[in-house]
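Letter by letter, the chains look like this.
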Amino acid sequence: MAKPLTFAVPKGRILDEALPLMARAGVIPEAGFHDNNNRALSFACEGSDTRIIRVRAFDVATFVAHGAAQLGIVGSDVVEEFAYPDLYAPVDLDIGHCRLSVAEPEGQAAAPARVSHLRVASKYPNLTRRHFEGMGVQAEVVKLNGAMELAPGLGLASRIVDLVSTGRTLKDNGLIETSRILDVSARLIVNRAALKTDQRVARLVDAFRALVIETKAA
């Protein structure tokens, strides 16, 4: 008997948008998945040999890249941040749209073109360094996993790099978006080895790709 497929999904907004698409592709989590009081991390799927694991977005990429999960859904920000060689993102699901941007306090004087070094708070150290290196600026990245908007006001960093959707959180914390690093959308990701050796993985990739094409054509 074939080993069950493991499908990794992130907690939060992307998952809410992904669930209808997953259902149309036949990846339907058992009823307990939707119970907000359920602390389980692994769930069976209805009518298939697939199980779903629900983890943090960055961990989705790690599980899939190392083969612990064969497929997953995660934002392109995570894919670009880690750039795992064993990770393949064959389908842009056209959901979970936002952007990865630089923000700073409104009225801040120094511009990146006039400085050689900046301290930046972000949970995206690789993307942040690459962005500023492209401008000839050395970025010292202070790694934070949340509450990024507090960093400039408390003197921890002069700028932040974070995901932005409406910009309301930035505005409420006295920050303005100054540049865009990356437009983000959710991607179906797969483990390269699993795609080559397991036809079930290939079939799911084809199913998601067909659904995206169908949705865009509707």
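A quick note: this is a predicted structure, and the numbers were derived from the prediction, not measured.

## A word on helix α1 (residues 13–24)
In step 1: Inspection of α1 places Ile-14, Leu-15, Ala-18, Leu-19, Leu-21 and Met-22 among the buried residues, and these make up the whole buried set.
In step 2: Next to the buried residues of α1 lie β1 (5–10), β3 (50–55), β4 (71–75), β11 (186–191) and α8 (199–217).
In step 3: Directly beyond the C-terminal end of α1, a positive phi value near 90° is found at Gly-26.

## Things to note about helix α4 (residues 125–133)
In step 1: Considered for burial, the residues of α4 that qualify are Pro-125, Leu-127, Thr-128, His-131 and Phe-132. All buried residues of α4 lie within an arc of 165° about the axis, which places them on one face of the element.
In step 2: Looking at the buried side of α4, the elements it contacts are α3 (76–82), β6 (98–105), β7 (117–122), β8 (138–143), β9 (159–164) and β10 (175–184).

## Side note on the domain arrangement of the chain
In step 1: In terms of domain boundaries, the chain breaks down into domain 1 (5–96 + 185–217) and domain 2 (98–183).
In step 2: Look at where the C-alpha atoms of domain 1 and domain 2 centre, and you get two points 29 Å apart.
In step 3: With eight residues of domain 1 at the interface, the matching set in domain 2 holds ten residues.
In step 4: Summed over both partners, the interface of domain 1 with domain 2 buries about 780 Å², with 49% contributed by carbon and sulfur atoms.
In step 5: A per-residue breakdown of the area domain 1 buries against domain 2 is headed by Phe-58, Asp-77 and Glu-81, which together make up 62% of the total.
In step 6: If you look at where domain 1 meets domain 2, you find zero salt bridges.
In step 7: Along the contact surface separating domain 1 from domain 2 lie five residue pairs in polar contact (both at pLDDT 80 or more).
In step 8: Top element by residues in the side of domain 1 that touches domain 2 is α3. It accounts for four residues.

Quick notes on the rules
- Residues numbered from 1 in each chain as written.
- Predicted model: local features only at pLDDT ≥ 70, side-chain atom pairs only at ≥ 80, totals over all residues.
- Heavy atoms only, no water.
- Buried < 20%, exposed > 50% of the residue type's maximum accessible area, 1.4 Å probe, protein only.
- Helix = DSSP H or I, 4+ residues; strand = E, 2+ residues; numbered from the N terminus.
- Contact = heavy atoms within 4.5 Å.
- Arc of directions from axis to C-beta.
- Domains from an automatic or database assignment.
- Buried area = accessible area lost by both parts, 1.4 Å probe.
- Salt bridge = Lys/Arg side-chain N within 4 Å of Asp/Glu carboxyl O.
- Polar contact = N/O pair within 3.5 Å; in protein donor to acceptor, adjacent residues only side chain to side chain.

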